[in-house]
Amino acid sequence: MTKKLFCRVDGTIEREGPGTCGEYVCPAGFTGESCATQIQDKSAPKPVECPQDIWVVTPNTSAPVTWKEPSFVDSMHTLYVMEHRGYTPGQTLSRGIHQLSYIAKDAEGNTARCDFRIHILKEFCPLPAPPVNGQRHCSDWGPNGRFKVCSITCNSNLEFSQPVAKFYTCGAEGTWHPPSGHGSNLVFPACSARKSAQKIFKIDMNFPSSVVCSESGKKILQSRIENNLLQVNREWRICSDNTPGICSGLKVKVNCKQAPAKRQLENNELYVVEIEFPANK
C-alpha cells in the first residue's frame, strides 16, 4: 500500500528544489514503485537505555524492587521486548543475586539484549574492625564509590600472627575477599611481638608390663621419666630453659594399650609413653 504526500502552501513563497511534495512514501520495511518489495532487515536492534546493577540492602529475607526497563530501537520500527525469566518491575525478590536479561527481537528475528543484576543483601560491605595492635586503611572504588578496598598494617615492632593479603576487596556481591573464615564478617589477623621459632622434641615409647596396667602404675612411670629427664637436663642442658633443675614445657603422657599376646597366659598390656619438651638449638 502506498501513501502520497501533498503539501498545501499559503502565501507567496520561492520554491527551492528538490522537494518532497507529491512523492510516494512506502511503509517501513517496504520499497519499490508499488511498495510491494519487502526490505530484508539485517540490522539487529540496538539498546538505548540499559540499567546498571541494582543493590538493595534490607534486614528482611525479601524486598520489592522497581527499575526502569531497558529501551531499544530498530530500523524497521517493529520490536518485541521481553524479560527472559519473567521478572517485572515492582516484583518482590528474595535475598541473593538475580540475573535479568531483556531481549529485543524484530520481525526478521534479529535480536539484542540488555543484562543486569539485582542484589538483595542483608548488609553491603560492612567495614571490618582494625586488626588488634594494628591499623586499617580503606578507600572506595567502583561505580559511585559503592565498593570498598582495605589494606592493613601493624604498629611499630609488631607483626601479623599469620600471612595476610595485600588488599581486601568488597565488590558487587557485598562480601569481602579473601574471606577470613568468620562468615560474612571479615576479621583481620592480630598483630603481636615476633618470637623465634621453638624446636620441639617428641619421643614415643612403649613399655611392656608384667602386671595389669593401672592408674597408679601410669603415675609412677610418669614421675620416674620426668625425674630422669630433669637429671639428664642438668648434665647435658637438653631443654631450652636455662634455669637449673627446670625444663619448662616438658610434657609426659602415659596411657595403656593392649598388645598382641605371644602366648595365651602372657600379659599383653603396654604402657605407651609420649614425651615432648622444648629443646636447645
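Residues numbered from 1 in each chain as written. Predicted model: local features only at pLDDT ≥ 70, side-chain atom pairs only at ≥ 80, totals over all residues. Heavy atoms only, no water.

A. Geometry of the sheet that holds strand S17 (residues 176-177). Taken in spatial order, the four strands make up an open sheet running S13-S14-S16-S17, and their pairing is antiparallel. Of all the strands in the sheet, the pair left with one neighbour each is strand S13 (134-141) and S17. As defined by bridge partners, strand S16 (residues 168-170) adjoins S17 across two bridges and the pair is classed as antiparallel. Bridge pairing in S17 links cysteine 170 to tryptophan 176. (Pairing = 2+ DSSP bridges. Helix = DSSP H or I, 4+ residues; strand = E, 2+ residues; numbered from the N terminus.)

B. Expanded view of the environment of glycine 174. Note that glycine 174 resides in the loop between S16 and S17. Residues glycine 174 and histidine 119, spaced 55 residues apart in sequence, show a C-alpha to C-alpha distance of 8.5 Å. Filtering out sequence-adjacent residues up to four positions away, glycine 174 remains in contact with Leu121, Glu123, Phe124, Cys125 and Pro126. (Contact = heavy atoms within 4.5 Å.)

C. A look at the sheet that holds strand S20 (residues 251-258). Across the sheet, which stays open at both edges, the three strands sit in the order S19-S21-S20 with antiparallel pairing between neighbours. Of all strands in the sheet, those bounded by a partner on one side alone are strand S19 (200-208) and S20. For this sheet, the mean inter-axis angle between neighbouring strands, taken without regard to orientation, is 15°. As paired strands, S20 and strand S21 (residues 269-278) are joined by eight bridges and run antiparallel to one another. Bridge pairing links lysine 251 to glutamate 276 in S21. The strands touched by helix H1 (residues 215-236) are S19, S20 and S21; relative to S20, the strand with the most contacts, the crossing angle is about 140°. (Axes fitted to C-alpha atoms, helices over the stretch in contact; angles between N-to-C directions.)

D. Fine view of the state of the cysteines. As enumerated under the stated definition, the model contains six disulfides in all. Disulfide partner of cysteine 138: cysteine 150, at an S-S distance of 1.8 Å. Its torsion about the S-S bond being 110°, the disulfide of cysteine 138 and cysteine 150 is classed as right-handed. Taken as a pair, cysteine 138 in strand S13 and cysteine 150 in strand S14 (residues 147-154) lie far apart in primary sequence, 12 residues in all. Residue classification places cysteine 138 among the partly exposed positions, given a relative accessible area of 33%. Between the sulfur of cysteine 213 and that of cysteine 256 lies a disulfide, 1.6 Å long from S to S. An S-S torsion of about -65° defines the bridge between cysteine 213 and cysteine 256 as left-handed. Taken together, the positions of cysteine 213 in the loop between S19 and H1 and cysteine 256 in strand S20 put the pair 43 residues apart, joining distant regions of the chain. Here cysteine 213 falls in the buried class, since its relative accessible area comes to 12%. Taking the relative accessible area as the measure of exposure, cysteine 256 reaches 36% and is therefore partly exposed. (Disulfide = S-S within 2.5 Å. Buried < 20%, exposed > 50% of the residue type's maximum accessible area, 1.4 Å probe, protein only.)

E. Highlighting the nonpolar core. Counting residues in hydrophobic clusters, the biggest one holds 15 residues, and the most contacted among them are Val65, Trp67, Leu100, Tyr102, Phe116 and Ile118. Broken down by element, this core gets its largest block of residues, five residues, from strand S12 (residues 111-121). (Core = buried A, V, L, I, M, F, W, Y, C linked by side-chain atoms within 4.5 Å.)

F. Examining the side chain of histidine 119 more closely. Structurally, the position occupied by histidine 119 is in strand S12. On the accessibility criterion, histidine 119 (0% relative accessible area) is buried. Contacts of histidine 119, omitting those with residues within four sequence positions, involve Asp53, Ile54, Trp55, Val56, Gly96, Ile97 and Ala172.

G. Just the pairing of S13, in detail. When S13 meets S14, the two strands line up antiparallel, connected through eight bridges. For histidine 137, the partnering residue across the bridge sits in S14 and is serine 151. Counted along the chain from S13 to the antiparallel partner S14, the turn is five residues long, and its residue glycine 142 has a positive phi close to 85°.

H. Structural view of the packing of aromatic side chains. Per the stated rule, a full pass over the model turns up seven aromatic pairs. Their ring planes at 70° and their centres at 5.1 Å tell us that tyrosine 168 and phenylalanine 188 sit as a pair that is edge-to-face. Pair noted here: tyrosine 168 is in strand S16 and phenylalanine 188 is in the loop between S17 and strand S18 (191-192), with a separation of 20 residues, a long-range link. Like tyrosine 168, the residue phenylalanine 188 is buried in the burial classification. Through pairs of rings, three or more aromatic residues link up here, namely Trp55, Phe124, Trp141 and Phe147. (Phe/Tyr/Trp six-rings, centres within 6.5 Å; stacked < 30°, edge-to-face > 60°.)

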